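Given next are the chains, with one letter for each unit.
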Amino acid sequence: FESLDSLKGVESDSPKFTCFGHQWVLRIYPGGSINETDGCVSLFLKLTSEGSEARIHYEVSILDSNGRAAAVNFVTSRIFRMNESFGCKNFMKRSKIVSKDGNILNQGTLSISLRMRQDVSPNVPVKPFVQKNLF
């Protein structure tokens, strides 16, 4: 993390990984995404599989050097389509991450935990309104 470019709008992607039959990357903006709060790190989950769609519930946490979740995490459920990403533009202050007192970096490396589960809603048939169904 320490060696990544910290200019605003500059992104860095994790290696692609597969989960629930889809390919994903975790995208981080060490200096923040464009038009967001100065000094904040931005973090996004991106679906990279061609022609696919997935409804995913996910949680992203920045871990401290002991492997425990730091104070910030982001939880949501979204429908992802190819090349769409969702996340948090102002995930955590960069100064807190790089601070020696913050105890977050481990030899310059930032550890991120990503937990995902497929969000499967039961198909409940909807009864259409038909006038003669009235009693």
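Residues numbered from 1 in each chain as written. Predicted model: local features only at pLDDT ≥ 70, side-chain atom pairs only at ≥ 80, totals over all residues. Heavy atoms only, no water.

Peer 1: Is there a simple way to explain unusual backbone geometry in this structure?
Peer 2: At Phe20, a position not held by glycine, the phi torsion is positive, near 55°. Looking at where Phe20 falls in the secondary structure, it is placed in the loop between strand E2 (17-19) and strand E3 (22-29). Judged by its relative accessible area of 35%, Phe20 falls in the partly exposed class. (Helix = DSSP H or I, 4+ residues; strand = E, 2+ residues; numbered from the N terminus. Buried < 20%, exposed > 50% of the residue type's maximum accessible area, 1.4 Å probe, protein only.)

Peer 1: What is the right way to look at the nonpolar core in this model?
Peer 2: Counting 24 residues, the largest nonpolar core has Trp24, Ile97 and Leu110 as the members making the most contacts within it. Mapped by element, the contributors of at least two residues to this core are E3, strand E4 (40-47), strand E5 (53-63), strand E6 (69-81) and strand E7 (85-93). With five residues, the single largest contributor to this core is E5. Beyond its immediate chain neighbours, meaning those up to four positions away, Leu110 contacts Phe1, Ile28, Ile62, Ile97, Ile104 and Leu105. (Core = buried A, V, L, I, M, F, W, Y, C linked by side-chain atoms within 4.5 Å. Contact = heavy atoms within 4.5 Å.)

Peer 1: I tried to follow the pattern of salt bridges on my own but got confused; where do I start?
Peer 2: If the charged atoms of two oppositely charged side chains come close together, the side chains can form a pair. Summed over all chains, the structure comprises eight salt bridges. Arg27 serves as the salt-bridge partner of Glu11, at 3.3 Å between the closest nitrogen and oxygen. On the criterion of sequence distance, the pair formed by Glu11 in the segment before strand E1 (12-13) and Arg27 in strand E3 is long-range, its members being 16 residues apart. With a relative accessible area of 38%, Glu11 lands in the partly exposed category. Looking at Arg27, the relative accessible area reads 12%, which means it is buried. Notably, a salt bridge pairs Arg68 with Asp64, separated by 3.6 Å at the nearest N-O pair. Residues joined by salt bridges that share partners form a network here, namely Glu11, Asp13 and Arg27. (Salt bridge = Lys/Arg side-chain N within 4 Å of Asp/Glu carboxyl O.)

Peer 1: Could you clarify how one ought to interpret the environment of Asn35 in this entry?
Peer 2: Mapped onto the fold, Asn35 is located in the loop between E3 and E4. Residue class for Asn35 comes out exposed when judged on its relative accessible area of 70%. Residues Asn35 and Lys89, spaced 54 residues apart in sequence, show a C-alpha to C-alpha distance of 9.3 Å.

Peer 1: Help me out: how do you make sense of the pairing of E4 in this one?
Peer 2: Of all eight residues making up E4, eight are buried, and the element is well covered by its neighbours. A two-sided burial pattern is seen for E4, the buried positions comprising Cys40, Ser42, Phe44 and Lys46 on one face and Val41, Leu43, Leu45 and Leu47 on the other. Where E3 meets E4, six bridges bridge the pair, whose relative direction is antiparallel. Within the sheet, the bridge partner assigned to Trp24 lies in E4 and is Leu47. Here six bridges tie E4 to E7, and the two strands are oriented antiparallel to one another. Looking at the pairing, Leu43 lines up with Cys88 of E7. (Pairing = 2+ DSSP bridges.)

Peer 1: Would you explain the confidence of the model for the protein chain in this entry?
Peer 2: Parts of the prediction with low pLDDT should not have their coordinates interpreted in detail. Per-chain confidence: the protein chain averages 84 in pLDDT, with 87% of residues scoring 70 or above. The model gives residues 124-135 a pLDDT under 50, and that stretch makes two contacts with residues more than four places away or in other chains. (pLDDT = per-residue confidence, 0-100.)

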